[in-house]
Amino acid sequence: MRSTWYRFQSAVKYGVTARHRKGFGVHSPFVFDLLNHVVFTKEHYYCYDEIERWRNKLFTDDTPIKLQGCGTAGPRTLSTRQIAKKSGEPARYAQLLFRLALSNNSKTIFELGTSLGLTSLYLSNVGSTAKIYTFELETELIKFTKKTFEHFHRYNINIIEGDIDENLDQQLAQIEQLDFAFFDANHTREATLRYFEKCLSKAHSKTIFVFDDIYWSEGMEQAWKQIIANPKVTVSLDIYRMGVVFFDPDLNKRNYIVAF
């Protein structure tokens, strides 16, 4: 109940403070261009329709999936449609992730938290040379998403099975640099900061990190504030549901609260 009230308060605060829609009031050429050509673009990309048709199919799928659960959630069984409606990234945000990864021509992409694989599908369409490494703990979800990726012939998606804390270091050691990362796994302050620090070791000046549910709880908001205060982070965008950070040292450090 407390977290629900906290999110309500955060949403009200965001609604009052959010600005910069389509670049209004933005003096940074980089941010102005980003808002107009990536965040708020009206361009309809080739992959949108087929993935959204799949999403609609999931919304009517009653296949039971057993979840081990983590934290206080505990083991439970949910239908595919329940997971799709509860955990899936809404279309406009999943499509934004795709456009962001496309904007810096991402080749190596990490996704921490796979769920039903809708976001993975979007990211896999960034380019034929892009490689997506998606991390997931839940065994039954992995079985489901593997079939989904095979159905779409998305062979550039690699599922990293098991606990992220046990696998992230190993996977980071196998890549030269990280171009894009989407953090949507353990929604706690400690885990989010831990994942951020690990992935930061392979970030470069054009890398983009996106954090989901930055106002999920007081702890997540604290994590977001610590992330954007990091000396390596220059520009950051707060669009309420997500936070986006950039590392280009040529950009002036500033956090933009954007009405998305």
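See the structure above.
Residues numbered from 1 in each chain as written. Predicted model: local features only at pLDDT ≥ 70, side-chain atom pairs only at ≥ 80, totals over all residues. Heavy atoms only, no water.

Right, let's talk about unusual backbone geometry for a bit. Although it is not a glycine, serine 115 sits at a positive phi angle of roughly 55°. Residue position: serine 115 is located in the loop between strand 3 (108-112) and helix 6 (118-124). The buried category is assigned to serine 115, whose relative accessible area is 18%. The phi dihedral of tyrosine 240 is positive, around 75°, even though this residue is not glycine. As for its position among the elements, tyrosine 240 is in the loop between strand 8 (235-238) and strand 9 (242-246). (Helix = DSSP H or I, 4+ residues; strand = E, 2+ residues; numbered from the N terminus. Buried < 20%, exposed > 50% of the residue type's maximum accessible area, 1.4 Å probe, protein only.)

Our next topic: the nonpolar core. In this structure, Phe110, Phe180, Phe209 and Leu237 are the most contacted members of the largest nonpolar core, which totals 87 residues. Apart from the residues lying within four places of it in its own chain, the contact partners of phenylalanine 180 are Leu97, Leu100, Ala101, Ser106, Thr108, Ile109, Phe110, Leu123, Thr207, Ile208 and Val210. (Core = buried A, V, L, I, M, F, W, Y, C linked by side-chain atoms within 4.5 Å. Contact = heavy atoms within 4.5 Å.)

Our next topic: the packing of aromatic side chains. For the coordinates displayed, the defined rule picks out 19 aromatic pairs. Pairing phenylalanine 40 with phenylalanine 260 gives two aromatic rings, centres 5.9 Å apart and planes at 45°, and the pair type is tilted. Of this pair, phenylalanine 40 sits in the loop between helix 2 (29-39) and helix 3 (48-58) while phenylalanine 260 sits in the segment after strand 10 (254-257), and the two are 220 residues apart along the sequence. Ring plane angle 80° and centroid distance 6.2 Å describe the contact between tyrosine 48 and phenylalanine 98, whose orientation is recorded as edge-to-face. Taken as a pair, tyrosine 48 in helix 3 and phenylalanine 98 in helix 5 (residues 91-103) lie far apart in primary sequence, 50 residues in all. Phenylalanine 98 matches tyrosine 48 in its accessibility class, with the two residues each being buried. Put simply, the rings of Phe183, Phe196, Phe209, Phe211, Trp224 and Phe247 touch in pairs and so form one group of aromatic residues. When the ring centre of phenylalanine 59 is taken as origin, the NZ or CZ atom of lysine 85, which lies over that ring, is 6.0 Å away. The ring of phenylalanine 260 has arginine 92 lying over it, and the distance from NZ or CZ to the ring centre is 4.0 Å. (Phe/Tyr/Trp six-rings, centres within 6.5 Å; stacked < 30°, edge-to-face > 60°. Lys NZ or Arg CZ within 6 Å of the ring centre and 35° of its normal.)

The next point concerns the packing of helix 9 (residues 189-200) against helix 10 (residues 218-229). The relative placement of two packed helices is expressed as an angle between their axes plus a distance between the axes. Interaxial distance between helix 9 and helix 10 falls to 8 Å at its minimum, and their mutual angle equals 25°. Taken as axis vectors, helix 9 and helix 10 run roughly parallel relative to one another. Classified by chirality, the crossing of helix 10 by helix 9 is right-handed. Across the interface between the two elements, Arg189, Thr192, Leu193 and Phe196 of helix 9 pack against Gly219, Met220, Gln222, Ala223, Gln226 and Ile227 of helix 10. Residue classes in the contact of helix 9 with helix 10 are distributed as 5 nonpolar, 4 polar and 1 charged. (Axes fitted to C-alpha atoms, helices over the stretch in contact; angles between N-to-C directions. Parallel < 35°, antiparallel > 145°, perpendicular 65-115°, else oblique. Left-handed = near helix turned anticlockwise from the far one by under 90°. Nonpolar A, V, L, I, M, F, W, Y, C, P; charged D, E, K, R; others polar.)

Everything listed here is a matter of coordinates, which is why it stays silent on function.
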